[in-house]
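An overview of the molecular structure
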Amino acid sequence: NDQGIVALSGAHTLGRAFKERSGTVKEGYGSRNGTQYTRDTNIARNDNRSGVGMAGGRSWTKKWLSFDKAYYDDIPSGNAQLLQLSTDKVLWIDAEFKKYAQQYAKDQNKFFEDYVKAHVKLSECGSKFRPSQGFYL
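So, how was this worked out
Every residue gets a number counted from 1 within its own chain, in the order that chain's sequence is written. Residues qualify for local features only when their pLDDT is at least 70, as the model is predicted, and side-chain atom pairs are given and counted only at 80 or more; totals for whole chains, interfaces and linings, by contrast, use all residues. Hydrogens and waters are ignored; side-chain quantities use all the structure's heavy atoms. Convention adopted: a line fitted to C-alpha atoms gives each axis, helices being fitted over their contacting stretch, and angles between N-to-C directions are expressed from 0 to 180 degrees. Put simply, DSSP marks the helices as runs of H or I at least four residues long and the strands as runs of E at least two long, and each gets a number from the N terminus on. What sets the label is the angle itself: under 35 degrees gives roughly parallel, over 145 gives roughly antiparallel, 65 to 115 gives roughly perpendicular, and the rest give oblique. Only heavy atoms enter the contact rule, under which two residues are in contact if any of them lie within 4.5 Å. Ten residue types, Ala, Val, Leu, Ile, Met, Phe, Trp, Tyr, Cys and Pro, are classed as nonpolar, four, Asp, Glu, Lys and Arg, as charged, and the remainder, Gly among them, as polar. Buried Ala, Val, Leu, Ile, Met, Phe, Trp, Tyr and Cys residues form a nonpolar core when they are joined through side-chain atoms within 4.5 Å. Note on classification: 1.4 Å probe, protein chains only; a residue is buried when its accessible area is under 20% of the maximum for its type, exposed when over 50%, partly exposed between these limits. pLDDT measures the predictor's confidence residue by residue and takes values from 0 up to 100. The term polar contact refers here to a pair of N or O atoms within 3.5 Å; inside protein, the definition further demands a hydrogen-donor-capable atom paired with an acceptor-capable atom, and it admits residues adjacent in sequence only when both atoms are side-chain atoms. For salt bridges, the criterion is a side-chain nitrogen of Lys or Arg within 4 Å of an Asp or Glu carboxyl oxygen.

Time to look at the packing of helix H1 (residues 2-9) against helix H5 (residues 108-123). Between two packed helices, the angle of one axis relative to the other and the distance separating the axes together describe the packing. At their nearest, the axes of H1 and H5 sit 8 Å apart, and the two run at 105 degrees to each other. As far as their axial angle goes, H5 and H1 are roughly perpendicular. Of the residues in H5, those touching H1 at Gln3, Gly4, Ala7 and Leu8 are Lys110, Phe111, Asp114, Tyr115, Ala118, His119 and Leu122. Classifying every residue of the contact of H1 with H5 by side-chain character gives six nonpolar, three polar and two charged.

Residues Val6, Tyr71, Tyr72, Leu91, Trp92, Ala101 and Tyr104 are the most contacted members of the largest nonpolar core, which totals 18 residues. If you list the elements that add at least two residues to this core, you get H1, helix H2 (70-74), helix H4 (95-106) and H5. With four residues, H4 is the single largest residue contributor to this core. When near neighbours in sequence (up to four residues on either side) are disregarded, Val6 contacts Tyr72, Leu91, Phe97, Tyr100, Ala101 and Tyr104.

Residues of the protein with pLDDT of at least 70 account for 91%, and the chain-wide mean is 88. Least confident of the elements in the protein is strand S1 (residues 16-17), whose mean pLDDT is 92; most confident is H4, at 97.

The subject of this paragraph is the environment of Asn42. Within the secondary structure, Asn42 sits in the loop between S1 and strand S2 (58-59). As for Asn42 and Lys63, which are separated by 21 residues in sequence, their C-alpha atoms are 8.8 Å apart. With residues near it in sequence (within four places) discarded, Asn42 still touches Gln36, Tyr37, Val52, Lys62 and Trp64.

It is worth spelling out the side chain of Thr38 at this point. Mapped onto the fold, Thr38 is located in the loop between S1 and S2. Of note is the side chain of Thr38, whose polar atom sits 2.7 Å from the backbone oxygen of Gly57. Dropping the residues within four chain positions of it, Thr38 is found in contact with Arg16, Ala55, Gly56, Gly57, Arg58, Ser59 and Trp64.

With that settled, consider the packing of H4 against H5. In the contact formed by H4 and H5, the axes pass within 5 Å of each other and the chain directions differ by 125 degrees. Put simply, H4 runs oblique to H5. The residues of H5 that touch H4, namely those facing Gln103, Tyr104 and Lys106, are Gln108, Lys110, Phe111 and Asp114.

In total, this model carries six salt bridges according to the counting rule given. Residue Asp114 pairs with Lys110 through a salt bridge whose shortest N-O separation is 3.1 Å. Residue Asp114 and its partner Lys110 are both found in helix H5; the two are separated by four residues, about one turn of the helix. Of the residues examined, Asp114 reaches a relative accessible area of 6% and is grouped as buried. One continuous salt-bridge network, built from bridges that share partners, spans Lys110, Glu113, Asp114 and Lys117.

Here you go:
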């Protein structure tokens, strides 16, 4: 449903795209091929420590190593250093999508709550668990 689509889109708060992998961006591997947010000099970690792993690419958010509501803040900003696919932009164009995007921009806990539900639904789509009570470790 629309709510699930918008919630799952928020997973783009993590990670980047690379020219060599998807071809959707011009930025590639390495710090000199990144944006200001994906170079090895940027602090993207939630603990504000240095280290981004492999530098480069283009991210959807400024702090792309932190899972939070930043996607809903950063995408509508129009920041040219951030990745904005048409599937991201439509969340602020389509009226049904927009109401959820705006809600998540205001309320991180609501985003987390809805993201968990949508992720579980997607992950278990069509799954049959045997035994029915599942497995426990």
